[in-house]
Amino acid sequence: MEWKHKHLLTIEQLSKEDIEYILETAVSFKEISVRSVKKVPTLRGKTIVNFFCEPSTRTRMSFELAAKRLSADMLNVVSSSSSLSKGESLKDTARNIEAMKVDMIIIRHSMPGSAQLLADCVSCSVINAGDGPHEHPTQGLLDAYTIKEKKGRIQGLKVLIVGDIAHSRVARSNIWTLKKLGADVTVVGPSTLIPAEIEKMGVNVSYYLDEEIPKADVINILRIQRERQDRNFFPTLREYIQLFGVSEARLKNAKKDLLIMHPGPANRGVEIDPAVADGPYSVILDQVTNGIAVRMAVLYLVSSVGSSKKVKMKS
Amino acid sequence: MTCLIKNVTVVDPKNKIHGTMDVLVKDGKIADVKKGLQTDGDVVEGKGRVLVPGLVDMHVHLREPGCEGAETIDSGCRAAAKGGFTGVACMPNTTPPIDSAGTVRYILEKAKSSACRVFPVGTISKERAGKELAPFGELIENGVYGFTDDGSGVMDSGLMRRALEYSKMFNKALMPHEEDELLSAHGAMHEGGVSTRLGIPGIPRAAEECMMERDIRLVKCFGGRLHITHVSTKGGVEIIRQAKAEGLPVTGESAPHYWTLFDKDVNFNTNFKMYPPLRTPEDGEAIIEGLKDGTLDAIVTDHAPHAEANKDVEYNVAAFGIIGLETSLGLVLTTLYHKKILDLEAIIERMSYGPCRILGVENQGIAKGADAHLTLIDLEKEWIVKKEEIVSKSKNSPFIGWSLKGQVVGTMVNGIWTYQINDD
Amino acid sequence: MKQINGLDKKGIQRLLVRMAHEIVEQNEDVDNLAIIGIQTGGAHLATRMIGVLKDITGKELPLGILDISLYRDDFAELGEGHPQLKATDIPFDVGGKDIILVDDVLFTGRTIRAALDAIVDFGRPKVIQLAVLVDRGHREFPIKADFVGKNIPTSLQQEIYVRLKEEADDGVFLIEK
Ligand SMILES: [Zn+2]
């Protein structure tokens, strides 16, 4: 297997083999985080920029730790998408960052396609850390890693993705990852938040959570944004909780080895009940731990394509 | 000035000509059309070429006044002439908008020296703000050919009612941009499987179809003449077909990109972003069907130039619109004529007589005594759309790199060649 | 590819046994010993060494496996392609231990440098000693093995290939480039 992607922009562009290779590589990296010295010198001398144009603490921290555990130098550039639109374009900013001779840019941005746009205008590697509702590839990968770690496989598992599918990059990257690895994916949510023709992505659609829960091996619960209520996607949060909130009572007919996942940050008491988030099915904290290993694997693999010369090391 | 176009295939459905003739142009008029004409003036060999009544594009954004960085009346008209157009109707979403006598006169003054005729279209509402009726009478007196708030839908149904009623006195068409802005709400491409996959907010077909149905209902109840601009959906074609069947004074137009490009082509490329958005192949089929059966009266470009700074940005925030004047006829010939979907007569109807009828512009075609507005075409010439050859000030074309069959060789306005291809 | 005289399956085993005896001679506190093999050849040899040492001392020493890919000094120059990662598994605390680091061939010393860096990231051993099956010379770093199975002088145009039965039949081979 040879890794040949200079950027990680979407899961859609990856093959099944690419995905499996990242997950395998991540296994080696997970061990590093439990050593007393949680650091290897692999990316020493590489400069990686965390370019976050949208607030996100978790993903940014996770990438930062991943980079630092690989000994890369990490610079955080936090800017709001709104200040970008006031004059300096994404491209200008990106070119400025690149002129400082960085090796990789990790970008989070509110606009779909922004990671691609960036990759098209800079010569360094680009990693998409979430581009609007489009994709969030490392989240899809770490979710798959967690499922595989707990279940031993992904092929044939029944996975529910519950909530605001329409606005969710997590949903899209999860759908691509899981479908490519052979899972049976069903999206569940209010009909207003299931986007047009999503079946074309190879998923089943359901509006009835209670019917789906007993069949599920994994339930991935998406964060619901309160603002959606203002645009009439659902009438009240209360009604949303009644129909789609994942509570202990709802899980009474669930499989005994069900996994409950959430990309975070969770609205406890809204899309997920605290008892479920902290309950026996929950692997939410494993997702956080695995996120670092998966991101280390991604940084490692992408870096290897980004550089130019090739010298064979002699023993 | 005299010019004789010799041995050319003249095609003109109105004057029922389809055959090899000589056409003599003298002092801006067509002096004669028959075989074996002689002149001591200029001679243009027309062998193997087709001469048709001058094409007219009734939906063009010339951007002047206000956005001269993207296009000017001069550059837009040169692009039009290169595309074979002898006249363009310019949309009023300029700065200031075409809502007063002064702006109309400014445009017509500038147009005097330009490469094609300019037919300004006035706004429906003052400042194109969708609130108060624009002064139709004053605008017509100064030379507008219709009314639209193009760029924005008329959200106020009461205003649309009054506009239709008021326009009855002047027999000019209202040409609304059909968009319910609450349905298109921040959308940036067709709502469907592709928008879902890309995470781009969608514009449902209903955003335009609902407004069409409202406007047709208003015409039925209150009168007025309605021209439906840039139809992009199968449903839209059907709505117009029904209205025509009921005998309502409703006409429609569409543009080549709606049957040559589709939502699946978007892929975050901002030169594939316009309103209405690229739909699906099924919609494209229906539009072609509408052009065939006459449901759609006009082929337009919705030529919408944008400076690179407004396109070279994230897809969602990029400006809506693409240029089209220089590729329109090539696309029509390649995708409709050579595929034997429309014959030349039908194409001339949709690209010359139809638009003139809707605008109220006289068009006598290729007849003795008529004004000499002519388009000379090489039907077989194959060419590639190249960015560096685009005459328009803006280069936002999704067709760059396309290879087309059928090219404009010359464009004549009032007896003067405003464009002639360089023959080596 | 030609096999080095005497270094077939038996020959290799003989070298291992001799090295094991030397290790025991030089390390009085056998209980404090632990073996770490470098992926992949060194890992196979380390596993065998554990067996030989058990025959000699009657004790099962702790075994660790180390992949040094992430500690290579040439990652930035690798360009397209990268070492495929293999498992690192050191299931004991290296702190205070007498570590015997095992590899198949000692050449430039860079791999050993990487391995030393890796081991100290796991803790602070009391001592690290190096055992190699073959020392072919051409050191680029000041590194010297404590236990050598066999010195085989080579030119830079040659390569040494140690094949262990975990892959195919045992043998040490000289390859002319
Ligand atoms: Zn419009």
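The structure this text deals with has already been given above.
The shown structure was predicted, so the numbers you read here are calculated from the model rather than taken from an experiment.

Quick notes on the sheet that holds strand β5 (residues 158-162) of chain A
Residue and element names in this part refer to chain A.
Item 1. Read across the sheet, five strands follow the order β7-β6-β5-β8-β9 without closing on themselves; strand pairing throughout is parallel. Each edge of the open sheet carries a strand with a single partner, namely β7 (204-206) and β9 (259-261). Across the sheet, the axes of successive neighbouring strands diverge by a mean angle of 20°, strand direction being ignored.
Item 2. Pairing between strand β8 (residues 218-221) and β9: three bridges, direction parallel. What sits directly across from I219, in β9, is I260.

Quick notes on the coordination of the zinc ion
Each pair of donors in an ideal octahedron of six around a metal sits at 90 or 180 degrees, and each pair in an ideal tetrahedron of four sits at 109.5 degrees.
Residues and elements named next belong to chain B.
Item 1. Distances from the zinc ion to its protein donors, D150 (OD), H177 (ND1) and H230 (NE2), fall within 1.9 to 2.3 Å.
Item 2. Along the chain, the residues donating to the zinc ion are arranged with the sequence spacing D-x26-H-x52-H. Of this pair, H177 sits in the loop between β9 (173-174) and α5 (181-184) while H230 sits in the loop between β12 (225-228) and α8 (234-245), and the two are 53 residues apart along the sequence. Exposure class is identical for H177 and H230. Each is buried.

Some remarks on the interface of chain A and chain B
How big an interface is tends to be expressed through the accessible area that disappears when the partners come together.
Item 1. Across the boundary between the two partners, chain A contributes 20 residues, which contact 16 residues of chain B.
Item 2. Approximately 1,500 Å² of surface area, both sides summed, lies buried where chain A meets chain B, with 61% of it carried by carbon and sulfur atoms.
Item 3. When the buried surface of chain A facing chain B is broken down by residue, A:M111, A:P112 and A:A196 rank first, second and third, together holding 31% of it.
Item 4. Scanning the region where chain A abuts chain B turns up two salt bridges.
Item 5. Between A:K91 and B:D312 there is a salt bridge, and its shortest N-O distance comes to 2.4 Å.
Item 6. At the boundary of chain A and chain B, one finds six residue pairs in polar contact (both at pLDDT 80 or more).

Quick look at unusual backbone geometry
Item 1. With an omega dihedral of -10°, the bond running from A:G264 to A:P265 counts as a cis peptide bond.
Item 2. At the junction of B:E64 and B:P65, the peptide bond is cis and its omega measures out at 5° in the coordinates.
Item 3. Within the element layout of this structure, B:P65 appears in the loop between β6 (55-60) and α1 (73-82).
Item 4. Positive phi values are uncommon outside glycine, yet A:E197 reaches one of about 55°.
Item 5. Here A:E197 is to be found in the loop between β6 (184-188) and β7.

What counts, and where the lines are drawn
Residues numbered from 1 in each chain as written. Chains lettered and ligands numbered in written order. Predicted model: local features only at pLDDT ≥ 70, side-chain atom pairs only at ≥ 80, totals over all residues. Heavy atoms only, no water. Pairing = 2+ DSSP bridges. Helix = DSSP H or I, 4+ residues; strand = E, 2+ residues; numbered from the N terminus. Axes fitted to C-alpha atoms, helices over the stretch in contact; angles between N-to-C directions. Donors = N, O, S within 2.8 Å, 3.2 Å for Na, K, Ca; no water. Buried < 20%, exposed > 50% of the residue type's maximum accessible area, 1.4 Å probe, protein only. Contact = heavy atoms within 4.5 Å. Buried area = accessible area lost by both parts, 1.4 Å probe. Salt bridge = Lys/Arg side-chain N within 4 Å of Asp/Glu carboxyl O. Polar contact = N/O pair within 3.5 Å; in protein donor to acceptor, adjacent residues only side chain to side chain.

Just geometry here; none of it tells us what the structure is for.
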